[in-house]
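Residue-level structure breakdown
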Amino acid sequence: MGAVGVGLVDCHCHLSAPDFDSDLDDVLEKAKKANVMALVVVAEHSEEFEKIMQLSERIWM
């Protein structure tokens, strides 16, 4: 078994909220630099589901 990296998990965030539209790339870069290994993006409304799916395909790929 290989070595497992140590990092943080943000277990509740709202990156799909419009508040992050203008600086999402900066937020993600800062999270990477802070050793955040995973993000659990939570929706407040069903309209956010598609945006969250798109985020899941691009984050840390």
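Above: the structure in question.
Our subject in this report is the structure included herewith. The model shown is predicted, which means the values in this text are computed figures rather than measured ones.

Let's shift gears to the pattern of salt bridges. Here the structure, examined in full by the defined rule, presents one salt bridge. Residues Asp21 and Lys51 are paired through a salt bridge, measuring 2.5 Å at the closest nitrogen-oxygen approach. Of this pair, Asp21 sits in the loop between strand S1 (8-13) and helix H1 (24-33) while Lys51 sits in helix H2 (residues 49-58), and the two are 30 residues apart along the sequence. Assessed through its relative accessible area of 27%, Lys51 is described here as partly exposed.

The next subject is the side chain of Glu48. Here Glu48 is to be found in the loop between strand S2 (36-41) and H2. One buried charged side chain, Glu48, makes no salt bridge at all; its nearest oppositely charged neighbour is Lys51, positioned 7.1 Å away. Leave out the neighbours within four places in its chain, and Glu48 touches Ser16, Ala17, Val42 and Ala43.

Turning our attention to the nonpolar core. Counting seven residues, the largest nonpolar core is built from Cys13, Leu15, Leu24, Leu28, Val41, Ile52 and Leu55. If you list the elements that add at least two residues to this core, you get H1 and H2. When residues no more than four places from it in sequence are discounted, the contact partners of Ile52 are Ser16, Val41, Val42 and Ala43.

The rules behind the values
- Residues numbered from 1 in each chain as written.
- Predicted model: local features only at pLDDT ≥ 70, side-chain atom pairs only at ≥ 80, totals over all residues.
- Heavy atoms only, no water.
- Salt bridge = Lys/Arg side-chain N within 4 Å of Asp/Glu carboxyl O.
- Helix = DSSP H or I, 4+ residues; strand = E, 2+ residues; numbered from the N terminus.
- Buried < 20%, exposed > 50% of the residue type's maximum accessible area, 1.4 Å probe, protein only.
- Lys, Arg positive; Asp, Glu negative; His and termini not counted.
- Contact = heavy atoms within 4.5 Å.
- Core = buried A, V, L, I, M, F, W, Y, C linked by side-chain atoms within 4.5 Å.

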